[in-house]
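# Coordinate analysis (summary)
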Amino acid sequence: MLKHTENIIEVKNLVKKFGNFVANDNLSFEVKKGEIFGFLGANGAGKTTSIKILSGLSFPTSGDVMVAGFDVYKEREKVKKNIGYMSQKFSLYEDLTVRENIRFYGGIYGLSGKYIKEKTESLIERLKMKDIQDSLIKSLPLGWKQKIAFSVAIFHNPKIVFLDEPTGGVDPITRRDFWEMIYEASDSGITVFVTTHYMDEAEYCDRVSIMDQGRIEGLDTPAELKKQFHAKNMDEVFLKIAR
Amino acid sequence: MNRFIGFVKKEFHHIFRDSQTMLILFGMPIAQILIFGYIVSNEINDVKIGIYDKSQDHITHEITNKITASGFFILHENLNSEKEIEKAFKRGIIREVIVFEPNFAEKLERDGTAGIQIIADASDVNTANIVSNYTKAIINSYVKNELFTQGLPFEIIPEVRMLYNDELKGVYMFVPGTMALILMLVSAMMTSISIAREKELGTMEILLVSPLKPLPIVIGKVIPYMALSFVNAIVIIALSYFVFEMPIQGSLIFLLAETLLFIFMALSLGILISTVSNNQMVAMFISMFALLLPTILLSGFIFPIENMPKILQWISSIMPARYFIVIVKNIMIKGSGIGVIWKETLILVGMTIFFLGMSIKKFKVRLE
């Protein structure tokens, strides 16, 4: 795999405690530049805590975390400029139009008005959004919101995009369309860090890590993991780890 | 700077596209001031009273004339015994009985003092209070104007309580209170709800992941509400000045400056509320029960603080609105400057700093 050699995320001995509760117990892993990295685990396994630390929303209790070449503790601002984030809520402003949302989110990343305008045009063209560009977000179906939320998250060309359960609640066809978008982003050089509950989606990832009770219990390509755990599919791998 | 303008613009979009918000922001202040000014009035007209004159001399007749000529009272019946007083009240037509003691004029001339008993129907406490105060004021002015000018050393028996409200206008009492209430509502409640909404919808997370720093985010959210609060304050002052003819004795600039201070205070309180509430519902309930009700009940807006039980008086002393009401009354009615109300001003400044400090602390804890 010559394509993925350079580390874009490096985590060493990451610990995050809330009082006595250890949410992240000594995590160490790397994510290579340009890969699609699946971050799996049952509810409460500590995924959200890690993703919050990686995206600068929360500080680690101890350990070293480098994202896009910067220390999340000391160089938070630089980290923030280089990442995109999309939550499971597809957080867009419901009472703003598609255009206004893009304009706003582009604006908070300090992009110039001219650049935002040009890029918005090409985005609307590419996603075939001409008819809905001036509709309020709240009038759109979930699938559209998901696509727009993702486009907004990578609008400022981040090096990494964090996707926190980006396919929750949408139908299988929309889900597959969405993975097309993820591949496109990956092809254009953006590293994708994605959490999911769907094991079929885990198969789409270049590498997968599986967390259980704050620890990473397995980390490799889907094929290797299946071999390692003597499983037919990722579903079985997951069940063997989480039980 | 560009980011910031975009932010403020977005906030205005939220406000102008939500009809409920618009109604609260612009309908409410005007409706409230008109309701309080016209309907919930402290003024009295044509209150029916009874008089039990045990003396029947020239002075008691003159006082009776003054009272009935004031326009506030109508003499409904003359009473002739103590027993009739209670009967008269029970019929429910009269609200007040005035009793002159026997040999009124004689005593006044001999001892320099004479007694008038004012009995009010206190089943309606508020009206009873107002009615008896009016009566006292009329008697007082009679003693002062008519008897004193004759050079006689008579004692002034009733005390005047509505010293700076000669015409006893209710609006004077309600304008400062309404202003405090509206500004609290718009600044604290709307701000806390709008920040809580971003948390609820998850957009706050996106903002915090972005390179925007928390402080500009909060300021960007708050500025539109600050501007609208200020517009509201001006509308209220204008309405009370032009429609209800409430005077502005003091400096208008000073009044607006103090108003701005109160808005700042309310905004920082709103931010604090939003840091402890994760959704709009919680923010709304905290604002309602921790801010609006106490502001109405305990700030001296409707019920006088002096009449409250001691414990409620203590609680009222942590109500920011209480101090703002004192400030507004002083500036508008008495024309006071900073020399008189520096203490209240300082308290509001202190509260603002306290709320802001708390919010910043809470915010940091959340990031840990």
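Reading the values: the criteria
- Within each chain, residues carry numbers counting from 1 in the order of the written sequence.
- Labels follow written order: the first chain is A, the first ligand is 1, and so on.
- Totals for whole chains, interfaces and linings use every residue, but because this is a predicted model, local features are given only for residues with pLDDT of at least 70 and side-chain atom pairs only at 80 or more, for both listing and counting.
- Excluded from the side-chain calculation are hydrogens and water; included are all heavy atoms of the structure.
- The secondary structure listing takes helices from DSSP runs of H or I that are at least 4 residues long and strands from runs of E that are at least 2 residues long, numbered from the N terminus.
- Type-normalised accessible area, obtained with a 1.4 Å probe on protein chains alone, sets the label of each residue: buried when under 20%, exposed when over 50%, and partly exposed for intermediate values.
- Note on contacts: a residue pair qualifies if any of its non-hydrogen atoms lie within 4.5 Å across the two residues.
- Per-residue and other accessible areas were derived by the Shrake-Rupley procedure at a 1.4 Å probe size, with only the shown protein chains allowed to occlude residues.
- A helix's residues, less one, multiplied by 1.5 Å, set its expected span.
- Note: two strands are recorded as paired if DSSP finds a minimum of 2 bridges between them.
- Axis angles are defined between N-to-C directions and span 0 to 180 degrees, where every axis is a line fitted to C-alpha atoms and, for a helix, only to the segment in contact.
- Cavities and pockets were defined on a 1 Å grid built over protein atoms only: a cavity is a set of grid points that admits a 1.4 Å probe from which the probe cannot escape, a pocket is an open set flanked by protein on both sides within 12 Å along at least five of seven lines, and lining residues are those with an atom within 4 Å of any such point.
- Grid points are joined across faces, edges and corners, and a volume is the space filled by probe spheres set on the points.
- Per residue, pLDDT measures the predictor's confidence, with a range of 0 to 100.
- By the definition adopted for this analysis, an angle is roughly parallel if under 35 degrees, roughly antiparallel if over 145, roughly perpendicular if from 65 to 115, and oblique otherwise.
- Crossing handedness follows the turn of the near helix against the far one: under a right angle anticlockwise gives a left-handed crossing, and clockwise gives a right-handed one.
- Amino acids are sorted into nonpolar (Ala, Val, Leu, Ile, Met, Phe, Trp, Tyr, Cys and Pro), charged (Asp, Glu, Lys and Arg) and polar (every other residue, Gly among them).
- Aromatic pairing here means that ring centres of Phe, Tyr or Trp (its six-membered ring) are within 6.5 Å. Orientation follows from the plane angle: under 30 degrees is stacked, over 60 is edge-to-face, and everything else is tilted.
- Both a distance and an angle decide whether a charge sits over a ring: NZ of Lys or CZ of Arg must be within 6 Å of the ring centre and within 35 degrees of the ring normal.
- Residues grouped as a nonpolar core are buried Ala, Val, Leu, Ile, Met, Phe, Trp, Tyr and Cys residues, joined through side-chain atoms within 4.5 Å.

## Section: the overall build of chain B
Along chain B, the regular secondary structure elements total 14 helices and 4 strands. For chain B, with 368 residues in total, the buried portion stands at 48%. For chain B, contacts bridging at least 24 residues in sequence account for 75% of all contacts bridging at least 6. As displayed, chain B has an accessible area near 17,700 Å², and 63% of this comes from carbon and sulfur atoms.

## Section: helix H5 (residues 142-153) of chain A
All names here are of chain A. A rise of 1.5 Å per residue sets the reference length of H5, with its 12 residues, at 16 Å; its end C-alpha atoms lie 16 Å apart and thus fit the reference within 8%. The buried fraction of H5 amounts to 9 of the 12 residues, a majority that puts the element mostly inside the structure. Three or more residues of H5 are buried, namely Gly 143, Lys 145, Gln 146, Ile 148, Ala 149, Phe 150, Ser 151, Val 152 and Ala 153. Elements in contact with the buried residues of H5: strand E6 (83-86), helix H3 (98-108), helix H4 (113-126), strand E7 (160-164) and helix H6 (172-187).

## Some words on the sheet that holds E7 of chain A
Residue and element names in this part refer to chain A. Taken in spatial order, the 6 strands make up an open sheet running E6-E7-E8-E3-E9-E10, and their pairing is mixed. Here the strands that pair on one side only, and so sit at the sheet edges, are E6 and strand E10 (215-220). Pairwise comparison of adjacent strand axes, ignoring direction, gives a mean angle of 15 degrees for this sheet. With 5 bridges connecting them, strand E3 (residues 36-41) and strand E9 (residues 207-212) associate as parallel partners. Across the sheet, the residue bridging to Leu 40 is Ile 210, located in E9. Of the strands in this sheet, E3, E6, E7, strand E8 (191-195) and E9 are in contact with helix H1 (residues 47-54), which crosses E7 at around 155 degrees. Where H6 meets the sheet, its contacts fall on E3, E6, E7 and E8, and the angle it forms with E3 comes to roughly 130 degrees.

## Quick word on empty space enclosed by the protein
In this structure the tally under the stated criterion is 3 cavities of 30 Å³ or more. Approximately 100 Å³ is the volume found for the largest cavity. Taken together, 13 residues make up the lining of the largest cavity; nearest its centre are Tyr 85, Ala 149, Val 152 and Ala 153 of chain A together with Ile 206 of chain B. Broken down by secondary-structure element, the contributors of at least two residues to the lining of the largest cavity are E6 and H5 of chain A. By residue number, the principal contributor to the lining of the largest cavity is H5 of chain A, which donates 3 residues.

## A short note on the environment of Lys 52 of chain A
Following the sequence through the fold, Lys 52 of chain A ends up in helix H1. We classify Lys 52 of chain A as partly exposed; its relative accessible area is 29%. Placed 33 residues apart in sequence, Lys 52 of chain A and Tyr 85 of chain A show a C-alpha to C-alpha distance of 9.9 Å. Excluding its chain neighbours within four sequence positions, the residues that come into contact with Lys 52 of chain A are Leu 57 and Ser 58 of chain A together with Glu 205 of chain B.

## Description of the confidence of the model for chain B
Residues and elements named next belong to chain B. The share of residues in chain B with pLDDT of 70 or more is 88%, and the mean pLDDT across the chain is 82. Confidence scores differ between elements of chain B, with helix H6 (residues 125-147) showing the lowest mean pLDDT of 77 and helix H10 (residues 252-276) the highest of 93. Every residue in residues 158-168 scores below 50 in pLDDT, and together they form 17 contacts with partners more than four places removed in sequence or on other chains.

## Details of the packing of H3 of chain A against H4 of chain A
All names here are of chain A. In contact at an axis separation of 10 Å, H3 and H4 are set at 140 degrees when each is read in the N-to-C sense. The pairing of H3 with H4 is recorded here as oblique in orientation. Regarding H3 and H4, the two cross each other, and that crossing is right-handed. Residues Arg 99, Ile 102, Arg 103, Gly 106 and Gly 107 of H3 touch H4, and the partners they reach there are Gly 113, Ile 116, Thr 120, Glu 121, Leu 123 and Ile 124. Grouping the amino acids of the contact of H3 with H4 by side-chain chemistry returns 4 nonpolar, 4 polar and 3 charged.

## Here's the deal with the packing of aromatic side chains
Residues and elements named next belong to chain A. In the structure shown here, the tally under the stated rule is 22 aromatic pairs over all chains. With centroids separated by 5.8 Å and ring planes inclined at 40 degrees, the aromatic side chains of Phe 29 and Phe 39 adopt a geometry described as tilted. Residue Phe 29 is located in strand E2 (residues 21-32), and its partner Phe 39 is located in strand E3; the two are separated by 10 residues in the primary sequence. Judged by its relative accessible area of 3%, Phe 29 is buried. Clustering of aromatic rings is evident, with ring pairs tying together Phe 29, Phe 37, Phe 39, Phe 162 and Phe 193. Sitting over the ring of Trp 144, Lys 147 keeps its end group 5.1 Å from the ring centre. The ring of Tyr 198 is capped by Arg 175, whose NZ or CZ atom sits 3.8 Å from the centre of that ring.

## So, the nonpolar core
The nonpolar side chains of a soluble globular protein tend to be buried, and buried together. Within the largest apolar cluster, 145 residues are counted, with the highest numbers of intra-cluster contacts made by Phe 150 and Phe 193 of chain A. In terms of residue count, helix H7 (residues 171-201) of chain B provides more of this core than any other element does, 16 residues in total. When neighbours within four sequence positions are excluded, Phe 150 of chain A is seen to be in contact with Met 86, Val 161, Leu 163, Phe 178, Met 181, Ile 182 and Ala 185 of chain A. In this structure, Ile 49, Ile 51, Phe 104 and Ala 114 of chain B belong to the second largest nonpolar core, which totals 20 residues.

## Brief notes about the pairing of E3 of chain A
Residue and element names in this part refer to chain A. Counting buried positions along E3 gives 6 out of 6 residues, so the element sits mostly inside the fold. Here E3 shows no split at all, with Ile 36, Gly 38 and Leu 40 on one side and Phe 37, Phe 39 and Gly 41 on the other all buried. As paired strands, E3 and E8 are joined by 4 bridges and run parallel to one another. Each residue of the ladder has a partner; that of Phe 39, found in E8, is Thr 195.

## Structural notes on the sheet that holds strand E4 (residues 116-120) of chain B
Sheet strands pair by backbone hydrogen bonding; their relative direction is either parallel or antiparallel. Residues and elements named next belong to chain B. The strand order E2-E1-E3-E4 describes an open sheet built from 4 strands, whose pairing is mixed. Looking at the sheet topology across the chains shown, the edges are occupied by strand E2 (73-78) and E4. Here the average twist between neighbouring strands, direction ignored, is 25 degrees. Two strands pair when backbone bridges link them, and strand E1 (residues 47-53) and E2 are joined in this way by 5 bridges, in the parallel orientation.

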